[in-house]
Amino acid sequence: MFGDTIAAISTPPGRGGVAIIRLSGEGALAAAQKMFAPAGKTPVAKFSPYRMYPGEIDCGTFKDFGLCVYFRAPHSFTGEDVVEFHCHGGTGIARGVLQSAVRAGCRLAERGEYTKRAFLNGKLSLSSAEGLVDMINGESEAEVRAGYMLYAERLSGEAVRLQDQLTEILAGIDADIDFPEEDIEHTDLANVRGDLQAMAERLDALLSTYRTGKKVKEGVSVVLAGRPNTGKSSVLNALLGADKAIVSSAPGTTRDVVEGSVEINGVRFDLYDTAGIRESEEEAESIGIGRAKQLIEGADLVLFILDASAKMSEEDRAVYDAVREKQKIVVYNKTDLANAGESEVPADIRISAKTGENVPDLKRRMFEMCMQGYNADAQFLIEERHFAALSRARGEIGEAVSLCGNVPLDLLGVHLRAAWEALGEISGETESERVIDEIFAKFCVGK
Ligand code: GDP
C-alpha cells in the first residue's frame, strides 16, 4: 500500500536560513540520484547513511547548492528509506526542489503522512504520534513537556503494562474454561480481584489528572470581572507585563473582550477582559456584556476586581452576583490610593496594578487555585481520546471486580477483554482506521 515514495517541504513556509525537503519510500535514493550532483567523489548510490554530502540540487530551471543526507530503512523516522535535501531557505528554492522530486518519481505527501508511515511501520505508538502533534502545536512550556511525555511512550508504556496484566489473568481464566475436568485451579479469584482492584486504582489516579491536564493543553481561562474603572484592563496589563488593552479613565471604554496570554510556571493562562456586566441600552456595549456573561460561564477562574479606594457600589454588587458561584479570587486593586476599607466581600488579595505591588503573588494564587495537584514530571492525561479510552477500561474492570466470584469465568473474561481492547486504543493496536486518519490529519504537510 505504501510502496510509493512521498515528498514534501518539511520546514515552515516562508524565508529562512535553510529549508528541508524530505523524501520517504523505496524510491527515495533513486529519486535523489536523479536530483543531486555530489561535489565529492561518492555517487549518490554509494552514500553512507546519516552523513551529509554537499552538492548541487537540480531544481529544473535552476540549481541550488546544498546538502543531501540518506537515512537507511528501517533506521529512519518513517522506518522507510528517507532522503533529505537541505537547501537555502527560500520559498521558490524549496518549491523548486520539491517539483524536482516529483519529476523524479515522488508524489506529494499528505498531511501527517510521514508520521502515519512511522506509526504503521511500528516506529511509534498512536499516543506517541499524538504527543508529537501536541509538541509541534504547543506554545507553552508545559504543553511541550506534556507532549514529549506522550511522545516518549510514557502513557503507552503504562497501557501496555496494564494490558500484560490483563493478558495474564485472561490466560488463567481461559485455561480453567478449556480444561475444567483437570483438577487444577488456574484462577485464584481472590487474587484476581485484588489485581483488578489495584488496576482500577491506578486507572482512577490517571483519570483524575485529566482535569488539570486538559488545562495544560487548552490553557486556563481567566476572566477579569468588575464594574468599569475598577482597573480590569490595568490588572490584565500588569499580569501580561505589556500594554495590550487600552486603558482609559472613561467608564465603559473596554467595549470588547480583550485577550492576552501569560505563562505561569510554564502553563498558559488566557486572560479575558470584560466590558463589565451592567444593563445598557447602548448596542455596542450590550454585545460586549452578553459575551462577558458567556465568558464568565465558561471560565476556569474569575478575578473579581474591586476598587480598594472606593466603597462597594450597587454596580459592584451586580457584577459580584454574576460571579459569586464561580471559582474566583477577590482582588482589591489600587492599594496605592487611600484605603476605603473592606466591604462585605472580603479581599483574597490586595494589589496595585499601577505599582505592580502583589502582582506576582496574584499569579501564584491563580496557579495554585487552577492547577492543584499538577506535577509536571508525573504522568497525566491531556488528550480527551486517552481519557475516554481509559475511562472505558476502568468501567470494564470495575464491572469485572463486582462480578468476580458471582458469575461464570467466561463472563468475567468478556469484561477483561473489553478492557484490554480499550487500553489498546492508547497504543493504536485496536484503533479504527477512521480514528487513525483523524489523528494524522492534525499534522501539517511535511511531518
Ligand atoms: P477598567 O474599566 O476596569 O478596565 O479600568 P482601567 O484599567 O481602564 O482603569 C481605570 C482607571 O483606573 C485608569 O485611569 C487607570 O489608570 C486607573 N487604575 C487602574 N489600576 C490602578 C491602580 O492600581 N492604581 C491607581 N492609582 N490607578 C489605577
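Let us look at the structure shown here. (Residues numbered from 1 in each chain as written. Predicted model: local features only at pLDDT ≥ 70, side-chain atom pairs only at ≥ 80, totals over all residues. Heavy atoms only, no water.)

## Considering the sheet that holds strand S8 (residues 220–225)
Piece 1. Spatially, S9-S10-S8-S11-S12-S13 is the arrangement adopted by the six strands of the open sheet, whose pairing is mixed. Each of the sheet's edge strands pairs with one partner strand only, and the pair in question is strand S9 (259–264) and strand S13 (349–350).
Piece 2. The pairing of S8 with strand S10 (residues 267–273) spans five bridges and is classified as parallel. Paired with Leu224 across the strands is Asp273, a residue of S10. (Pairing = 2+ DSSP bridges. Helix = DSSP H or I, 4+ residues; strand = E, 2+ residues; numbered from the N terminus.)

## Notes on the sheet that holds strand S1 (residues 6–9)
Piece 1. Spatially, the seven strands line up as an open sheet ordered S3-S4-S5-S6-S2-S1-S7, and their pairing is mixed. Single-partner strands in this sheet number two, and they are strand S3 (36–38) and strand S7 (107–108).
Piece 2. Summarising the sheet, strand S5 (residues 63–71) and strand S6 (residues 82–89) pair through five bridges and their orientation is antiparallel. Looking at S6, one finds that Cys68 is bridged to Phe85.
Piece 3. Along the sheet face, helix H3 (residues 113–120) touches S1, strand S2 (16–24) and S7 and points at about 135 degrees away from the line of S1. (Contact = heavy atoms within 4.5 Å. Axes fitted to C-alpha atoms, helices over the stretch in contact; angles between N-to-C directions.)

## Regarding the environment of Asn229
Piece 1. Structurally, the position occupied by Asn229 is in the loop between S8 and helix H9 (232–240).
Piece 2. Look at Asn229 and you get partly exposed, because its relative accessible area is 32%.
Piece 3. Asn229 sits 78 residues away from Asp307 along the chain, and the two C-alpha atoms are 8.0 Å apart. (Buried < 20%, exposed > 50% of the residue type's maximum accessible area, 1.4 Å probe, protein only.)

## Describing the packing of aromatic side chains
Piece 1. One pass over the full model with this rule turns up 12 aromatic pairs.
Piece 2. Centre to centre, the rings of Phe304 and Tyr320 are 5.2 Å apart; their planes meet at 50 degrees, and the pair counts as tilted. Here Tyr320 lies in helix H11 (residues 314–323) and Phe304 lies in strand S11 (residues 301–307), a separation of 16 residues in the sequence.
Piece 3. A relative accessible area of 0% places Phe304 in the buried class.
Piece 4. Accessibility expressed as a relative area gives 15% for Tyr320, which makes it buried.
Piece 5. Grouping aromatic residues by their ring pairs yields a cluster made of Phe36, Phe47, Tyr53 and Phe85.
Piece 6. The ring of Tyr114 is capped by Arg22, whose NZ or CZ atom sits 4.6 Å from the centre of that ring.
Piece 7. Here Lys447 stacks its cationic end above the ring of Phe77, 4.4 Å away from the centre of that ring. (Phe/Tyr/Trp six-rings, centres within 6.5 Å; stacked < 30°, edge-to-face > 60°. Lys NZ or Arg CZ within 6 Å of the ring centre and 35° of its normal.)

## Points about the pattern of salt bridges
Piece 1. The final tally for this structure, using the stated rule, is 27 salt bridges.
Piece 2. For Glu143, the salt bridge goes to Arg268, with nearest N and O atoms at 3.7 Å. Taken together, the residues span a long stretch of sequence, with Glu143 in helix H5 (residues 141–151) and Arg268 in strand S10 at a distance of 125 residues. For the pair formed by Glu143 and Arg268, the shared burial category is buried.
Piece 3. Among the ionic pairs, Glu314 bridges to Arg317, the shortest N-O distance being 3.0 Å. One end of the pair is Glu314 and the other is Arg317, both in helix H11 and three residues apart, which spans about a single turn.
Piece 4. Residues participating in the shared-partner salt-bridge network are Asp4, Glu80, Arg107, Glu113 and Arg117. (Salt bridge = Lys/Arg side-chain N within 4 Å of Asp/Glu carboxyl O.)

Purely geometric numbers; function is a separate question.
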